[in-house]
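# Structural characterization, general
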Amino acid sequence: AISETEIEEAVKVSTIEALTEAIAAGGSVLLEADIDAPTAMPIVTDTQINLNGKTITVKEDIVGDGVFKVTEGTLTINGEGVINGLGNNGWSMAIWATDNGKVIINGGYFTNVGVHSDEDSEHYDLIYASGNGQIEINGGEFKCETPKWTLNIKDKDRATASIVVKGGKFYG
């Protein structure tokens, strides 16, 4: 759980520009408004995001790197709120940990329901790990357009990437 002190010390953001700047600097971030992101937000340093009941959506992303693409450092997601990977691409991920990135999910609602691709409508990854990416799920809710792909590790990286589930609610 996040403490009152952490919330007081967090950088408070309400626009995509402020969120992008806060993520680049790392540290603690508190959402104060719903945010539509044009593409994945890269994480390269330790960052804690408190969703604070708000929603982050990537709607127009044609690249497909998720809402958060973590390549270095640790992204910790706290609080209730929504991370919606409903992108305009063939993946529509919410979270992607790759290279040496780590993600710790303590809460939130993660979804990509409603996505459609003419390319492959049977396979949308919601939470994805590749390379040396590590994901730890302690809580939260997860609802994927294609439920069998809610959690996925890239096949060739199964020896180095991981997704560890300690809690949470998964649909389908």
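Just above sits the structure.
Residues numbered from 1 in each chain as written. Predicted model: local features only at pLDDT ≥ 70, side-chain atom pairs only at ≥ 80, totals over all residues. Heavy atoms only, no water.

Moving on, we come to the overall build of the protein. Looking only at helices and strands, the protein features 2 helices and 18 strands. In summary, the protein has a C-alpha radius of gyration of 15 Å against a globular reference of 16 Å for 172 residues, a match within 12%. Principal-axis analysis of the C-alpha atoms gives the protein an extent of 45 × 30 × 25 Å. In the protein, buried positions account for 49% of the 172 residues. The long-range fraction of contacts in the protein, counting pairs at least 24 apart against all pairs at least 6 apart in sequence, stands at 67%. Surface summary for the protein: the accessible area is close to 7900 Å², and the carbon and sulfur share equals 48%. Each charge class in the protein was averaged separately, 12 positive and 26 negative side chains, and the resulting centres sit 6 Å apart. (Helix = DSSP H or I, 4+ residues; strand = E, 2+ residues; numbered from the N terminus. Rg over C-alpha atoms; globule rule 2.2 N^0.38 Å. Buried < 20%, exposed > 50% of the residue type's maximum accessible area, 1.4 Å probe, protein only. Contact = heavy atoms within 4.5 Å. Areas by Shrake-Rupley, 256 points an atom, 1.4 Å probe, with all protein chains shown as cover. Lys, Arg positive; Asp, Glu negative; His and termini not counted. Charge placed at Lys NZ, Arg CZ, Asp CG, Glu CD.)

Next up on the list: the pattern of salt bridges. With the rule as written, the count across this model stands at 4 salt bridges. For Asp-65, the salt bridge is made with Lys-69, and the minimal N-O distance between the two is 3.8 Å. The closest approach of N and O atoms between Lys-156 and Asp-157, which form a salt bridge, is 3.4 Å. Judged by its relative accessible area of 67%, Lys-156 is exposed. A residue is classified by how much of its surface remains accessible, and Asp-157, at 9% relative accessible area, is buried. (Salt bridge = Lys/Arg side-chain N within 4 Å of Asp/Glu carboxyl O.)

Before going further, it helps to examine the sheet that holds strand S3 (residues 35-37). Taken together, 6 strands build an open sheet; the order of strands is S3-S6-S9-S12-S15-S18 and the sheet is parallel. Each having just a single partner strand, S3 and strand S18 (169-170) make up the two edges of the open sheet. Relative to S18, strand S15 (residues 141-143) runs parallel, the two sharing 2 bridges. Bridging across to S18, Phe-142 finds its partner in Phe-170. (Pairing = 2+ DSSP bridges.)

Checked against the element boundaries, Thr-47 lands in strand S5 (residues 47-50). Residue classification places Thr-47 among the buried positions, given a relative accessible area of 0%. Among the polar contacts made by the side chain of Thr-47, one reaches the main-chain carbonyl oxygen of Thr-45 at a distance of 2.9 Å. Sequence-distant contacts of Thr-47, that is, excluding residues within four places in its chain, are made with Ile-23, Gly-26, Gly-27, Val-29, Thr-74, Leu-75 and Thr-76. (Polar contact = N/O pair within 3.5 Å; in protein donor to acceptor, adjacent residues only side chain to side chain.)

In this structure, Phe-68, Ile-95, Ile-105, Phe-110 and Ile-135 are the most contacted members of the largest nonpolar core, which totals 37 residues. When residues in this core are grouped by element, the largest group, 4 residues, is from helix H2 (residues 16-25). What Ile-135 contacts, discounting residues up to four positions off in sequence, is Ile-95, Ala-97, Val-103, Ile-105, Ile-127, Tyr-128, Ala-129, Ser-162, Ile-163 and Val-164. (Core = buried A, V, L, I, M, F, W, Y, C linked by side-chain atoms within 4.5 Å.)

A few words on the environment of Ile-7. Take Ile-7: it is sitting in helix H1 (residues 4-9). Under the relative-accessibility criterion, Ile-7 is labelled partly exposed at 23%. Sequence separation between Ile-7 and Asn-50 is 43 residues, and the spatial gap between their C-alpha atoms is 8.1 Å.

What follows is about the packing of aromatic side chains. By the definition in use, this model includes 3 aromatic pairs. Their ring planes at 55° and their centres at 5.9 Å tell us that Trp-96 and Tyr-128 sit as a pair that is tilted. Linking Trp-96 in strand S10 (residues 95-97) with Tyr-128 in strand S13 (residues 127-129), this pair joins segments that are 32 residues apart in sequence. By the burial criterion, Trp-96 is buried, and Tyr-128 matches it. Plain terms: the ring middles of Phe-110 and Phe-142 are 5.0 Å apart, the flat faces sit at 10° to each other, and that makes the pair stacked. Remark: Phe-142 occurs in strand S15 and Phe-110 occurs in strand S12 (residues 109-111); sequence separation between them is 32 residues. Assigned by exposure class, Phe-110 and Phe-142 land together as buried. The structure contains a cluster of three or more aromatic residues connected by ring pairs, namely Phe-110, Phe-142 and Phe-170. (Phe/Tyr/Trp six-rings, centres within 6.5 Å; stacked < 30°, edge-to-face > 60°.)

Keep in mind that these numbers describe shape and distance, not what the molecule does.
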